[in-house]
Amino acid sequence: MSSAPVRVRFAPSPTGPLHMGGVRTALYNYLFAKKHKGTFLIRIEDTDQTRFVPGAQQYIMDALQWCGIMPTEGPGIGGEFGPYVQSERKEMYKPFAELLINEDKAYYAFDTAKDLDRMREQAKTMGMPNWQYNSVTRNSMRNSLTLPQSEVSQLLQSGAPYVIRMKMPRNHDVRFHDIIRGWVVVNTNNLDDKVLFKSDGMPTYHLANIVDDHTMQISHVIRGEEWLPSAPLHIMLYEAFGWPCPEFAHLPLLLRPDGNGKLSKRDGDRLGFPVFPTNWTTAEGELYSGYRENGYLPGAFINMLAFLGWNPGTEQEIFSIEELVEAFSLERVSKAGAKFDPNKTKWFQQSYLRAQSNKEIANQLRQIENIALSDQELHTVCNLMKERATFAKDILVEGAYLFDRPSMYDSETILKKWKTETSSHMMEWKSVLDSLSDFSAQTIEHAFKSFLESKGLAIGAVLLPYRLVLTGVGAGPGMFDISAFLGKQEVLERIEAGLKKVEQIINEA
Ligand code: GLU
């Protein structure tokens with residue numbers, strides 16, 4: 001690696017919300033920058049005004065903030081290479097395009113949209129469906145290479161619409177090294193004369209991207225594989241300007257869970273998982289759901305994304321962001337597309353939830369719902385339930401009986417498990433509980449064991465029925481913990497109420 005300071009950029013176009021593939025690109029840039037004590041910046045590439053979507057830039061910034069991978073230079077953040085929004089740099093680009101014209105590396109083209117359509121049609125009838133404006137066809141088009149100089153000057157002066165195109169040399173091998181893909185060679189005969197500057201006075205993505213990467217002193221371009229076909233043109237532009245090239249790393253595609261094709265923004269809600277970091281509502285009112293609103297912790301989301309295309313080469317899977325910075329390298333990013341796995345994503349979330357303190361989970365719950373329990377009670381609930389939850393919100397559902405008396409009882413299990421003598425065992429167990437002066441989980445457990453022993457009963461004969469009358473359901477955390485949490489009075493009342501309910505269920509069956 002060169003010794004110049006590492007400066008990398010995430011360069012999204014504000015054409016909509018940030019897809020999780022985009023977040024992964026941002027993440028790898030972030031990790032690479034931090035690892036090399038460099039700078040991670042964000043640049044908004046909004047030169048294509050026809051695809052501009054209001055709110056998208058703010059969405060991108062908010063999403064990165066939620067993920068905890070904020071850049072240190074960018075719009076609203078500042079930095080000495082700004083502005084960081086291309087439309088605000090508009091005036092900068094034209095002189096660069098003109099510089100290339102002066103050096104015969106670019107040219108003015110005056111062809112109208114109609115002219116171009118006609119050429120395409122003609123080529124099609126001659127059996128060439130993919131007509132291109134290139135080093136061969138440009139010789140028969142209306143441009144500053146074919147028109148007399150005087151006519152070109154006159155057209156420019158009269159304000160005739162034009163674009164500036166790259167003058168691709170013929171039969172030249174463009175070679176470049178990609179950190180992930182190795183050497184790439186493309187012959188310029190396969191490249192067209194891309195438009196660098198448009199008739200609306202804006203540069204195209206290609207020109208703006210290269211000018212900005214150069215002037216912002218970007219050392220490494222880390223971006224999605226979909227930009228690989230543009231890389232030879234970019235290399236040619238660096239050569240044309242006589243600028244040193246940054247290093248390139250094109251990240252593998254994110255694939256659908258079945259490996260069949262690229263993960264698209266429509267897949268998520270269709271296949272039952274989010275593809276966006278946070279909720280996004282389109283101008284038409286269509287909602288795309290986000291990881292944040294689905295209850296994911298940002299650390300889990302980021303940890304999962306880090307593994308979509310990269311692995312540390314060890315068994316370790318849970319990484320804090322600091323550990324990711326430490327372990328990350330572009331050399332360990334794979335070329336092959338990375339299959340998104342929604343179940344693994346849930347596994348990461350579950351692991352992150354379990355690692356949270358009761359207080360942290362309680363805070364999450366209080367944000368979701370108004371909870372009447374005291375902090376201490378809520379912490380106990382979190383402690384009891386977190387092993388059984390994937391999302392904090394699951395605790396409210398799965399552990400509903402810890403917040404309120406059960407309103408529903410699992411009649412199927414009751415009918416299956418209730419024996420004729422079960423209710424009288426419950427009544428006896430109730431009076432044992434009533435006699436306890438200390439109601440800690442330990443005391444209750446101790447009393448329970450002696451009770452079973454004195455009656456010669458098996459655990460199953462009493463414990464499951466006890467759970468059913470107390471909680472309404474057949475599974476959950478330890479019954480002695482639940483009992484201690486509810487307190488004696490509540491437990492006695494729930495047994496009473498539960499037994500009535502059981503009787504009713506049996507009678508109705
Ligand atoms: N603006 C491009 C995008 O939307 C950036 C490509 C690049 O990083 O060069 O993805």
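Each remark here, short or long, concerns the structure printed above.
Thresholds applied
Residues numbered from 1 in each chain as written. Predicted model: local features only at pLDDT ≥ 70, side-chain atom pairs only at ≥ 80, totals over all residues. Heavy atoms only, no water. Phe/Tyr/Trp six-rings, centres within 6.5 Å; stacked < 30°, edge-to-face > 60°. Buried < 20%, exposed > 50% of the residue type's maximum accessible area, 1.4 Å probe, protein only. Lys NZ or Arg CZ within 6 Å of the ring centre and 35° of its normal. Helix = DSSP H or I, 4+ residues; strand = E, 2+ residues; numbered from the N terminus. Pairing = 2+ DSSP bridges. Right-handed = clockwise from strand over helix to strand, strands pointing away. Core = buried A, V, L, I, M, F, W, Y, C linked by side-chain atoms within 4.5 Å. Contact = heavy atoms within 4.5 Å. Polar contact = N/O pair within 3.5 Å; in protein donor to acceptor, adjacent residues only side chain to side chain. Salt bridge = Lys/Arg side-chain N within 4 Å of Asp/Glu carboxyl O. Axes fitted to C-alpha atoms, helices over the stretch in contact; angles between N-to-C directions. Near = heavy atom within 4 Å. Areas by Shrake-Rupley, 256 points an atom, 1.4 Å probe, with all protein chains shown as cover. Nonpolar A, V, L, I, M, F, W, Y, C, P; charged D, E, K, R; others polar. Expected span 1.5 Å × (residues − 1). Arc of directions from axis to C-beta. Parallel < 35°, antiparallel > 145°, perpendicular 65-115°, else oblique. Left-handed = near helix turned anticlockwise from the far one by under 90°.

Counting across every chain of the model gives 29 aromatic pairs. Geometrically, the ring pair formed by Phe241 and Trp243 is stacked, given 4.1 Å between the ring centres and 10 degrees between the ring planes. Overall, Trp243 belongs to the buried group, its relative accessible area being 15%. Members of the aromatic cluster, each reached through a chain of ring pairs, are Tyr28, Phe307, Trp310, Phe319, Phe328, Trp347 and Phe348. A cation over a ring is seen here: Lys393 above Phe391, with NZ or CZ 5.0 Å from the ring centre.

This part is about the pairing of strand E2 (residues 39-42). Covered by surrounding structure in E2 are Thr39 and Leu41 together with Phe40 and Ile42, the residues of both alternating faces. The pairing of strand E1 (residues 7-10) with E2 spans 4 bridges and is classified as parallel. If you follow Arg9 over to E2, its bridge partner there is Leu41. You can see the chain leave E1, run along helix H1 (residues 20-35) and come back into E2, and the turn it takes is right-handed.

Moving on: the pairing of strand E3 (residues 106-109). A two-sided burial pattern is seen for E3, the buried positions comprising Ala106 and Tyr108 on one face and Tyr107 and Ala109 on the other. One ladder, built from 4 bridges, connects E3 with strand E4 (residues 163-166); its direction is antiparallel. Within E4, the position partnered with Ala106 by the bridge is Met166.

This brings us to the nonpolar core. Here is a general trend for soluble globular proteins: nonpolar side chains tend to be buried in one another's company. Membership of the largest hydrophobic core comes to 60 residues, with the highest contact counts inside it found for Met20, Tyr28, Ile69, Phe301 and Met304. Taken together, the elements giving at least two residues each to this core come down to E1, H1, E2, helix H2 (56-67), strand E9 (247-251), helix H9 (298-306), helix H10 (321-327) and helix H11 (342-354). If you tally residues by element for this core, the top one is H1, at 9 residues. The next biggest cluster of nonpolar side chains, apart from the first, holds 48 residues, and it includes Ile361, Phe485, Leu492 and Leu499.

Before going further, it helps to examine the environment of Gln356. Relative to the assigned elements, Gln356 resides in the loop between H11 and helix H12 (358-368). C-alpha of Gln356 to C-alpha of Lys386: the two residues are 30 residues apart in sequence and 9.0 Å apart in space. Apart from residues no more than four positions distant in its own chain, Gln356 is found in contact with Leu297, Ile361, Gln364 and Lys386. Among the polar contacts listed, one links the side chain of Gln356 to the side chain of Gln364, at a separation of 2.6 Å.

A few words on unusual backbone geometry. Following Gly82, the chain continues to Pro83 via a peptide bond in cis, the omega torsion being -5 degrees. Here Pro83 is to be found in the loop between H2 and helix H3 (90-102). Here Asn171, not a glycine, exhibits a phi torsion of approximately 50 degrees, which is positive. Tracing the sequence through the fold places Asn171 in the loop between E4 and strand E5 (173-178).

To continue, consider the pattern of salt bridges. As enumerated under the stated definition, the model contains 29 salt bridges in all. Notably, a salt bridge pairs Asp212 with Arg89, separated by 2.8 Å at the nearest N-O pair. Pair noted here: Asp212 is in helix H6 (residues 205-215) and Arg89 is in the loop between H2 and H3, with a separation of 123 residues, a long-range link. Asp212 sits in the buried class, given a relative accessible area of 0%. Residue Arg292 is joined to Glu293 by a salt bridge in which the shortest nitrogen-to-oxygen separation is 3.1 Å. Linked by salt bridges that have partners in common, Arg9, Arg43, Glu45, Arg89, Asp212 and Asp213 make up one network.

Following the sequence through the fold, Tyr288 ends up in strand E12 (residues 287-288). Excluding its chain neighbours within four sequence positions, the residues that come into contact with Tyr288 are Lys265, Arg266, Asp269, Phe276, Thr278, Asn279, Trp280 and Thr282. A polar side-chain atom of Tyr288 sits 3.0 Å from a polar atom in the side chain of Arg266.

One open sheet holds the 3 strands; their spatial order is E3-E4-E7, and the pairing between them is antiparallel. A single partner strand is all that each edge strand has here, and the edge strands are E3 and strand E7 (195-197). Adjacent strand axes in the sheet meet at a mean angle of 45 degrees, parallel and antiparallel pairs treated alike. Taken together, the 2 bridges between E4 and E7 define a ladder with antiparallel strand orientation. Within the sheet, the bridge partner assigned to Ile164 lies in E7 and is Phe197.

A word on the site of the ligand. In the vicinity of the ligand, the contacting residues are Arg9, Ala11, Ser13, Glu45, Tyr205, Asn209, Arg223 and Trp227. One of the side-chain nitrogen or oxygen atoms of Arg9 is found 2.7 Å away from an oxygen atom of the ligand. Contact between the ligand and Arg223: an oxygen atom at 2.8 Å from a side-chain N or O atom of the residue. Burial of the ligand by the surrounding chains reaches 86%, relative to a free accessible area of 300 Å². A class-by-class count of the residues in the shell around the ligand yields 3 nonpolar, 2 polar and 3 charged.

What follows is about helix H17 (residues 422-435). Taking 1.5 Å of rise per residue, 14 residues should cover 20 Å, and H17 covers 20 Å from first to last C-alpha, within 8% of that figure. Those residues of H17 lying buried are Thr422, His425, Met426, Trp429, Lys430 and Leu433. Down the axis of H17, the smallest arc covering the buried residues is 140 degrees, so these residues share one side. Against helix H16 (411-417), helix H18 (441-455), helix H19 (459-471) and helix H21 (488-508) lie the buried residues of H17.

Turning our eyes to something else, we now look at H19. Compared with the 18 Å implied by 1.5 Å per residue over 13 residues, the 18 Å span of H19 between its first and last C-alpha is a close match. Those residues of H19 that sit buried are Val462, Pro465, Tyr466, Arg467, Leu468, Val469, Leu470 and Thr471. Check the buried side of H19 and you find it contacts helix H15 (400-403), H16, H17, H18, helix H20 (479-486) and H21. Positioned one or two residues after H19, Gly472 has a phi angle of 85 degrees, which is positive.

Running from N to C, H18 and H20 point in directions that differ by 125 degrees, and their axes come no closer than 8 Å. Considered as vectors, H18 and H20 are oriented oblique to each other. Like other packed secondary-structure pairs, H18 and H20 cross with a definite hand, here right-handed. Two secondary-structure elements touch here, H18 through Ala441, Ile444, Glu445 and Phe448 and H20 through Phe480, Asp481, Ser483 and Ala484. Classifying every residue of the contact of H18 with H20 gives 5 nonpolar, 1 polar and 2 charged.

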